[in-house]
Amino acid sequence: MAAAKKAVLGPLVGAVDQGTSSTRFLVFNSKTAELLSHHQVEIKQEFPREGWVEQDPKEILQSVYECIEKTCEKLGQLNIDISNIKAIGVSNQRETTVVWDKLTGEPLYNAVAAPVSPGPSDPVAVAPSGSSVPAAGTPSVWLDLRTQSTVENLSKRIPGNNNFVKSKTGLPLSTYFSAVKLRWLLDNVRKVQRAVEEDRALFGTIDSWLIWSLTGGANGGVHCTDVTNASRTMLFNIHSLEWDKELCEFFEIPMKILPNVRSSSEIYGLMKAGALEGVPISGCLGDQSAALVGQMCFQDGQAKNTYGTGCFLLCNTGRKCVFSEHGLLTTVAYKLGRDKPVYYALEGSVAIAGAVIRWLRDNLGIIKTSEEIEKLAKEVGTSYGCYFVPAFSGLYAPYWEPSARGIICGLTQFTNKCHIAFAALEAVCFQTREILDAMNRDCGIPLSHLQVDGGMTNNKILMQLQADILYIPVVKPSMPETTALGAAMAAGAAEGVGVWSLEPEDLSAVTMERFEPQINAEESEIRYSTWKKAVMKSVGWVTTQSSESGDPSIFCSLPLGFFIVSSMVMLIGARYISGIP
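Small disclaimer: the values here were computed from a predicted structure and weren't measured.

Student: Got a sec to walk through the overall build of the protein chain? Specific residues and values, please.
Tutor: Looking only at helices and strands, the protein chain features 18 helices and 25 strands. Considering the protein chain as a whole, with its 581 residues, one finds that 59% of them fall into the buried category. Restricting the contact set of the protein chain to residue pairs at least 6 apart, pairs at least 24 apart contribute 72%.

As structure tokens, then:
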């Protein structure tokens, strides 16, 4: 059987999928998009102080080498010749910031981490005001907040009527993005300061660090990034597709330490060590852009949603750069070739998706495993008028309402845990609709269907609910590794490699599971409008920070305390003067 399989194999393409919690290397058949083999290595996060999240760049690099070697061993066991691997693509966690010494190849500090990226998830919501807040119900340590004071100081320098940072980058000023992490390193780490002064320092996001190291490191490594990762630094002009001098001056970042910006699909350099020495690295995409490509969302108005702890939604807006009026981010979707046009996307995130399932499991105990929720929801097939708004730490896009708190409403004596489980799944779908409605209002492109990926898409009840609530088909690829697939596609399609066709007629062979709406449009709208009513009921629960502290002191309300005490004194005095015993 192995020999027969070997006989039909075409050229192969590998993909490094480097995330916040693990690194993987996957190998695909470029003619069928079939996943042949993969290996995964967990990586550690370090928390040197509360609110700080770091990772060891050398551990990340070593995990990539280990994954490549182990995957090649597995391919050998399958009697697959690794010389068929013609290219390697890189997909990576975005925004995480590394500075290293170009002479020694040693990192000058740990990688300052970005929020966890899906798949699996995104635990942060970026408010339009530029603040960065942990997503509801997720550990705040996932968001590195050391740069909050840096953001506050920088925001004072932006004129209220001229937010040139957002107009050039599509991003709000936030702790989320790389520029402020780099600014913190330059301000606080003497080794980084000295290396910059001595012209030894190089900066990059994880893709840059990996490509530089894999292509030779201190011995001729290629210092580059692609447009999708560059667009998440807050230093990159998404219109001119260049590092922006005004932005670099604003953040006081020396441009000499920045990587060269390349397209997402071209040969950057060759592997210089390991089992795949000599193989070109020819694809590079930030993880969400990679998933968009892996889902083959190449047309204006096509969108994908990744369901993890939270949800990441990207909508392809074509060659038009659309700025949101509803708290969404404008970002570069991809540029699949040096001479190919750039495509843009609107990006929005749902803070609470899989996190609400974990909350039901860990906080209420109504399920023992996350998978049980589908069984509970299936038992009743309805929420019976129960609505669950999981605003555990406020409402995010498109509301941006920090005073909100989670509510479960519409309860009756008949309501049981099955109805609450169903309502929790509906909540994920309603929140997704709100983001997609915002996208439609921003770009004016009605969505014909939604393409989905991520761990929660295995829940068929959830997928059917999503189709019903959006009232459009939901399409799930049979091959779930869309992020790695996107990186492999970009690498295989690169000029000089040419083993993966991105022509529409060649992409249609990918099999999909399709969920069609099974309710009428009127019922869908009634349920959605009732959800919105429930959302409004969640607003206004918290008016000040102190009201959550639970301080029971009467002096929390001095006017009331003064009124009560003075009234008692007057009453006693009146009784004394009147001689009443």
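Student: Please set out the sheet that holds strand S19 (residues 329-334) residue by residue, giving values where relevant.
Tutor: Ordered by their spatial adjacency, seven strands build an open sheet running S19-S20-S18-S17-S23-S24-S25, and the pairing between neighbours is mixed. Strand pairing shows two members of the sheet lacking a second neighbour, S19 and strand S25 (512-515), which therefore form its edges. On average, adjacent strands in this sheet sit at an angle of 30° to one another, irrespective of strand direction. Where strand S18 (residues 311-318) and strand S20 (residues 343-350) come together, seven bridges link them in antiparallel fashion. Within S20, the position partnered with Leu-313 by the bridge is Gly-348.

Student: I'd like a description of the packing of helix H11 (residues 354-364) against helix H13 (residues 417-443), backed by residues and values.
Tutor: Look at H11 against H13: their axes get within 9 Å of each other, and the N-to-C directions meet at 160°. By the angle between their axes, H11 is roughly antiparallel relative to H13. Along this stretch, H11 crosses H13, giving a crossing that reads as right-handed. Every residue of H13 that contacts H11 at Val-356, Ile-357 and Leu-360 is listed here: Ile-420, Ala-421, Ala-424, Leu-425 and Val-428. Residues of the contact of H11 with H13, tallied by class, amount to eight nonpolar, no polar and no charged.

Student: Tell me about the packing of aromatic side chains, and please be specific about residues and values.
Tutor: Going through the model one piece at a time under the given rule, you end up with 17 aromatic pairs. An angle of 55° between the planes, with centres 5.9 Å apart, marks the rings of Tyr-109 and Trp-184 as tilted. One end of the pair, Tyr-109, is in the loop between strand S6 (97-101) and strand S7 (111-112); the other, Trp-184, is in helix H5 (residues 178-188), with 75 residues separating them in the sequence. Taking the relative accessible area as the measure of exposure, Trp-184 reaches 9% and is therefore buried. When the ring of Phe-430 is compared with that of Trp-531, the centres are 5.1 Å apart and the planes differ by 20°; the resulting orientation is stacked. Placement of the pair is Phe-430 in helix H13 and Trp-531 in helix H17 (residues 521-537), with a sequence separation of 101 residues. As far as burial versus exposure is concerned, Phe-430 and Trp-531 are alike and both buried. Members of the aromatic cluster, joined through ring pairs, are Tyr-387, Phe-430, Tyr-528 and Trp-531.

Student: Which residues make up the nonpolar core, and what values do they have?
Tutor: Among soluble globular proteins, nonpolar side chains are generally buried collectively. Tyr-307 and Leu-450 are the most contacted members of the largest nonpolar core, which totals 68 residues. With 16 residues, the single largest contributor to this core is H13. The residues contacting Leu-450, other than those within four sequence positions of it, are Ala-303, Lys-304, Asn-305, Tyr-307, Thr-432, Leu-436, Gln-466, Leu-470, Ile-472, Pro-473, Val-474 and Val-475.

Student: Run through the pairing of strand S3 (residues 35-42), naming residues and quoting values.
Tutor: Inspection of the sheet shows strand S2 (residues 22-29) paired to S3 by seven bridges, in the antiparallel sense. Residue pairing for S3: Thr-23 is matched across the bridge by Val-41. If you look at the hairpin formed by S2 and S3, you'll find five residues sitting between the two strands, and Ala-33 has a positive phi there, around 65°.

The rules behind the values
- Residues numbered from 1 in each chain as written.
- Predicted model: local features only at pLDDT ≥ 70, side-chain atom pairs only at ≥ 80, totals over all residues.
- Heavy atoms only, no water.
- Helix = DSSP H or I, 4+ residues; strand = E, 2+ residues; numbered from the N terminus.
- Buried < 20%, exposed > 50% of the residue type's maximum accessible area, 1.4 Å probe, protein only.
- Contact = heavy atoms within 4.5 Å.
- Pairing = 2+ DSSP bridges.
- Axes fitted to C-alpha atoms, helices over the stretch in contact; angles between N-to-C directions.
- Parallel < 35°, antiparallel > 145°, perpendicular 65-115°, else oblique.
- Left-handed = near helix turned anticlockwise from the far one by under 90°.
- Nonpolar A, V, L, I, M, F, W, Y, C, P; charged D, E, K, R; others polar.
- Phe/Tyr/Trp six-rings, centres within 6.5 Å; stacked < 30°, edge-to-face > 60°.
- Core = buried A, V, L, I, M, F, W, Y, C linked by side-chain atoms within 4.5 Å.

On their own, these measurements won't tell you what the molecule is for.
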